[in-house]
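# Per-entry structural report
Residues per chain are reported as follows:
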Amino acid sequence: MTNSYEISTDPGRLDAARVHHWLSTDAYWALGRSRDTQDRAIAGSLNFGAYDTVSGQQLAYARVVTDHATFAWLCDVYVAPGARGKGLGTALVTAVRDHLEPAGVRRVLLATHDAHGVYAKIGFEPLADPSLWMALLLG
């Protein structure tokens, strides 16, 4: 898939309707998510899109919630079914890492049910001491 796609953080390029469709119908963590919720999530996040260099069509998406200084949470990583298995997911997450590192972000967290191997290629590893972390679940 080399050179057949480009990755951008330009919010004007995002196909928000496509992203919403992908996540709300095919991503186990976001099934049924409303368009309003997705649009608000996009507006409050650093967004990455991967685009076909010929057609301009969006092929993948990743969202980062970050302070752009110390911490980031990588979420909503999605590659369109027809673009899977070609290294695009790995390239997208690598682009996220490479974008955040120069800003001094020291910790990037994510949660995944089934893609540990993909993220391990980029350097993610299980939490050294999960007992330090807590969660507050609202609603």
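In this text the structure is predicted, and so the values were computed from the model without any measurement.

Cut-offs used in this document
- Residues numbered from 1 in each chain as written.
- Predicted model: local features only at pLDDT ≥ 70, side-chain atom pairs only at ≥ 80, totals over all residues.
- Heavy atoms only, no water.
- Pairing = 2+ DSSP bridges.
- Helix = DSSP H or I, 4+ residues; strand = E, 2+ residues; numbered from the N terminus.
- Axes fitted to C-alpha atoms, helices over the stretch in contact; angles between N-to-C directions.
- Contact = heavy atoms within 4.5 Å.
- Left-handed = near helix turned anticlockwise from the far one by under 90°.
- Buried < 20%, exposed > 50% of the residue type's maximum accessible area, 1.4 Å probe, protein only.
- Right-handed = clockwise from strand over helix to strand, strands pointing away.
- Salt bridge = Lys/Arg side-chain N within 4 Å of Asp/Glu carboxyl O.

### Some points on the sheet that holds strand 4 (residues 71–79)
The sheet built from five strands is open, its strands ordered 1-2-3-4-5 with mixed pairing. Where the open sheet ends on each side, the last strands, each with one partner, are strand 1 (5–8) and strand 5 (107–109). Strand-to-strand, the axes of this sheet are offset by a mean angle of 20°, without reference to chain direction. Looking at chain direction, strand 4 and strand 5 are connected through three bridges and run parallel. Of the residues in strand 5, the one forming a bridge with Ala 72 is Val 108. Sheet strands in contact with helix 3 (residues 88–100) are strand 1, strand 2 (46–52), strand 3 (58–66), strand 4 and strand 5, and its direction is about 35° off that of strand 3.

### As for the packing of helix 1 (residues 16–26) against helix 2 (residues 35–43)
A pair of packed helices is characterised by two quantities: the angle between their axes and the separation of those axes. Put simply, helix 1 and helix 2 touch, their axes get as near as 10 Å, and they point 115° apart. Regarding helix 1 and helix 2, the two cross each other, and that crossing is right-handed. Taking contact as the criterion, the partners of Ala 16, Ala 17, Val 19, His 20 and Leu 23 in helix 1 are, on helix 2, Arg 35, Gln 38, Asp 39 and Ile 42.

### Some thoughts on the pairing of strand 4
In terms of burial, strand 4 is largely enclosed, as seven of its nine residues are buried. Alignment of strand 3 against strand 4, held across six bridges, turns out to be antiparallel. Bridged to Tyr 61 within strand 4 is Tyr 78. Hairpin connection between strand 3 and strand 4: a loop of four residues separates the two successive antiparallel strands, and His 68 in this loop has a positive phi of roughly 60°. Each parallel crossover has a hand, and the one from strand 4 via helix 3 to strand 5 is right-handed.

### Things to note about the pattern of salt bridges
In total, this model carries eight salt bridges according to the counting rule given. Among the ionic pairs, Arg 18 bridges to Asp 15, the shortest N-O distance being 3.3 Å. Its relative accessible area of 26% is what places Arg 18 among the partly exposed residues. Note that Arg 40 and Asp 36 form a salt bridge whose closest N and O atoms lie 3.0 Å from each other. Residue Arg 40 and its partner Asp 36 are both found in helix 2; the two are separated by four residues, about one turn of the helix. One continuous salt-bridge network, built from bridges that share partners, spans Arg 33, Arg 63 and Asp 76.

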